[in-house]
Amino acid sequence: MLNIQGFETIVNKTYDVPYMERTRLYYEAQGYSEPYLWAHFATTPFSALQKPLSESTVSLITTAMPDTEQGRSERKLYSSLSTPAPKTMYTLGLSWHDTVTHTRDTGSFLPIEPLLVVQDEGGIGSLAPRFHSVPTAYSQRQTLEEDAPELLERLQEDQADVALLVPL
Amino acid sequence: MDIIEHVGVPRYLHTDFPLGNPLGNPFDRDMQLSHTSMALELLRSASEANTIQRSPYSWDGDPGWRDDYSKVTNENRAELAQAGEARRALQTEMKKLNPRQLIPNP
């Protein structure tokens, strides 16, 4: 016999978090009069792979900053060597869920080691020699007109064929 | 998920984990490798923009994290208002010192 109460409990616990609504209410409670606006595409771009992944250079982009004096004090675009994978990254000030989890395991948000495993197995051509940290900021102008073009330039310097964006 | 649908991305692997651990549970190397492989497979197989796939894995901790995220309650309302004031004061100072300093999302 179906336990209706139990069924409802399960359903209620596994919903998709309404992040936009939560963010709006959270900002409102903090006294911000203007609601947060996300930059978004009217038409989302798409490029099919130009060659097999097994021949492609894969680049990695994170929103975590390097755990260096400069990375901790200035949020901007950084490029860091992919290997060896960093043991720590600077994640303070980002909107991750710090009351239930932590970012002490860089592997939980920066997939360098798994990409090296896939590379060794021949699943990708190679992991790009450096990965990139991008700042999350209120300024859409800063992101769209400065950071994004600069990031694209760096990816092209790396001769990256594809990029994985893994935000926290 | 709702943000991604609004923003629009070419391909998206949805991992339903607390923000901060998009690859899955901390220190779970098998899950992290699985998610990486799923993302690469999606990269290969998608044929149109806004292709979204869900990971079958789930958070191994308390499922109450969904209710907890950025929750505004009567208990924390005053504290949040105070934090907002403090934050705006700090931002004003930061702008004075360095007008180009980026203001991170709270």
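Note that residues are indexed from 1 along each chain, following the sequence as it is written. To read the labels, note that chains go from A and ligands from 1, taken in the order they are written. Selection of residues for local features in this predicted model requires a pLDDT of at least 70, selection of side-chain atom pairs for listing and counting requires 80 or more, and totals for whole chains, interfaces and linings are taken over all residues. Calculated side-chain values reflect all of the structure's heavy atoms, with hydrogen atoms and water omitted.

(A) Representation of the pattern of salt bridges within the structure. Residue and element names in this part refer to chain A. Salt bridge criterion: a side-chain nitrogen from Lys or Arg within 4 Å of a carboxyl oxygen from Asp or Glu. Taken as a whole and assessed by the stated rule, the structure comprises 13 salt bridges over all chains. For the salt bridge of Lys-51 with Asp-161, the shortest nitrogen-to-oxygen distance reads 3.6 Å. With Lys-51 in the loop between helix 2 (19-29) and strand 1 (57-62) and Asp-161 in the loop between helix 5 (140-157) and strand 7 (162-166), this pair connects stretches of sequence that are 110 residues apart. Throughout, exposure labels follow a simple rule: accessible area from a 1.4 Å probe, protein chains only, divided by the maximum for the residue type, with under 20% read as buried, over 50% as exposed, and the rest as partly exposed. On the basis of relative accessibility, which here comes to 37%, the residue Asp-161 falls in the partly exposed class. Residues participating in the shared-partner salt-bridge network are Glu-21, Arg-24 and Glu-28. Only DSSP runs of H or I with at least four residues qualify as helices, and only runs of E with at least two residues qualify as strands; both kinds are numbered from the N terminus onward.

(B) Spotlight on helix 2 (residues 29-45) of chain B. One fewer than the residue count of a helix, multiplied by 1.5 Å, yields its expected span. Look at helix 2 of chain B: 24 Å from first C-alpha to last across 17 residues, which is about the 24 Å you get at 1.5 Å a residue. For helix 2 of chain B, the set of buried residues is Met-31, Gln-32, His-35, Thr-36, Met-38, Ala-39, Leu-40, Leu-42 and Leu-43 of chain B. Contacts between residues were defined by any pair of non-hydrogen atoms, one from each residue, lying within 4.5 Å. Contacts made by the buried residues of helix 2 of chain B are with helix 4 (112-120) and strand 7 of chain A together with strand 1 (11-14) and strand 2 (51-54) of chain B.

(C) Expanded view of the confidence of the model for chain B. For every residue, the predictor reports its confidence as pLDDT, a number between 0 and 100. When pLDDT is averaged across chain B, the result is 87; 92% of the residues are at 70 or more. For chain B, helix 4 (residues 77-97) of chain B is the element with the lowest average pLDDT, namely 83, and helix 2 of chain B is the one with the highest, namely 97.

(D) Highlighting the interface of chain A and chain B. Across the contact, 64 residues belong to chain A and 62 residues belong to chain B. Buried surface at the junction of chain A and chain B, both sides included, amounts to about 5600 Å², of which 60% is carbon and sulfur. Seen at the junction of chain A and chain B, the total is 2 salt bridges. One salt bridge in this structure joins Asp-16 of chain A and Arg-54 of chain B, with 2.5 Å as the shortest N-O distance. Identification of polar contacts relies on pairs of N or O atoms within 3.5 Å, with a donor-acceptor requirement for protein atoms, meaning one able to donate a hydrogen and the other able to accept it, and with residues adjacent in sequence counted only if both atoms are side-chain atoms. Remark: the boundary between chain A and chain B carries 27 residue pairs in polar contact (both at pLDDT 80 or more). Of all the secondary structure elements, the ones that give two or more residues to the side of chain A that touches chain B are helix 2, helix 4, helix 5 and strand 7 of chain A. Throughout, the accessible surface (probe 1.4 Å) given up by two parts as they are put together, summed over both, is called the buried area.

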